[in-house]
Amino acid sequence: MLKISPDISQAIRSEAEAAYPEECCGAILGIIPASGEKLGRVIRPVVNRQADGSRHNRFLITAEAMLELEKYALSQGVDVLGFYHSHPDHPAKPSEFDQENALPFYSYVIIGVDRGVAGEMTCWELSPDRTNFHLEELVITTPTRQPGDS
């Protein structure tokens with residue numbers, strides 16, 4: 001299960017609409033408490049570096065961008081929990097390309113964008129053997145206060 005705030009949900013929607021007709025992409029950073037659910041605290045948009053003219057149906061987060069995401073997460077005391085990207089004029093379901101380029105553990109949020117308007121948002125997790133995606137519960141909720149929050 002991945003939990004995100006309404007603000008994060010809206011930020012992903014806004015980014016997806018702004019990037020249309022290309023795919024947007026970015027990372028979801030947060031924590032995993034002892035209860036085991038993933039608690040997304042912040043997103044970090046990433047420039048889609050897909051270079052072959054297919055940014056309308058492909059995204060690429062480079063190794064350099066991933067290293068920067070990991071460094072930022074470490075500096076903030078959070079982890080990279082997953083990634084998000086949009087599917088312009090396509091359902092919010094993983095494509096074969098998505099499966100080929102995904103890794104187990106991470107949550108993959110996909111948002112469909114129909115003619116420039118953000119629609120369905122889904123979340124997926126790749127099986128450990130990388131053979132298929134499983135729908136992961138996505139909960140949009142106001143985060144609870146953490147000890148030390150002011």
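Here the structure is shown first, and the text comes after it.
Residues numbered from 1 in each chain as written. Predicted model: local features only at pLDDT ≥ 70, side-chain atom pairs only at ≥ 80, totals over all residues. Heavy atoms only, no water.

Novice: What am I meant to see in the pairing of strand E5 (residues 107-114) here?
Specialist: Regular strands show a simple pattern: their side chains alternate between the two faces of the sheet. For E5, the buried fraction is high: 7 of the 8 residues fall into the buried class. Sheet topology places strand E4 (residues 79-88) next to E5; 7 bridges connect them, and they run parallel. Looking at E5, one finds that phenylalanine 83 is bridged to tyrosine 108. Adjacent in sequence and paired antiparallel, E5 and strand E6 (residues 117-126) are bridged by 2 residues, among which arginine 115 carries a positive phi angle near 50 degrees. (Buried < 20%, exposed > 50% of the residue type's maximum accessible area, 1.4 Å probe, protein only. Helix = DSSP H or I, 4+ residues; strand = E, 2+ residues; numbered from the N terminus. Pairing = 2+ DSSP bridges.)

Novice: Whenever I open this one, the packing of aromatic side chains confuses me. Can you help?
Specialist: What the rule picks out here adds up to 4 aromatic pairs. Look at phenylalanine 105 and tyrosine 106: their rings are 5.5 Å apart centre to centre, the planes differ by 65 degrees, and that puts the pair in the edge-to-face class. Under the relative-accessibility criterion, phenylalanine 105 is labelled partly exposed at 38%. On the accessibility criterion, tyrosine 106 (15% relative accessible area) is buried. Grouping aromatic residues by their ring pairs yields a cluster made of Phe83, Phe105, Tyr106, Tyr108 and Phe133. In this arrangement the basic side chain of lysine 38 is found over the ring face of phenylalanine 105, its NZ or CZ atom lying 4.7 Å from the centre. Above the plane of the ring of tyrosine 72 lies arginine 44, whose end atom (NZ or CZ) is 3.7 Å from the centre. (Phe/Tyr/Trp six-rings, centres within 6.5 Å; stacked < 30°, edge-to-face > 60°. Lys NZ or Arg CZ within 6 Å of the ring centre and 35° of its normal.)

Novice: I keep staring at the side chain of serine 5 and nothing clicks. Help me out?
Specialist: Relative to the helices and strands, serine 5 is located in the loop between strand E1 (2-4) and helix H1 (6-19). The class of serine 5 is buried, set by a relative accessible area of 12%. Of note is the side chain of serine 5, whose polar atom sits 3.1 Å from the backbone nitrogen of isoleucine 8. (Polar contact = N/O pair within 3.5 Å; in protein donor to acceptor, adjacent residues only side chain to side chain.)

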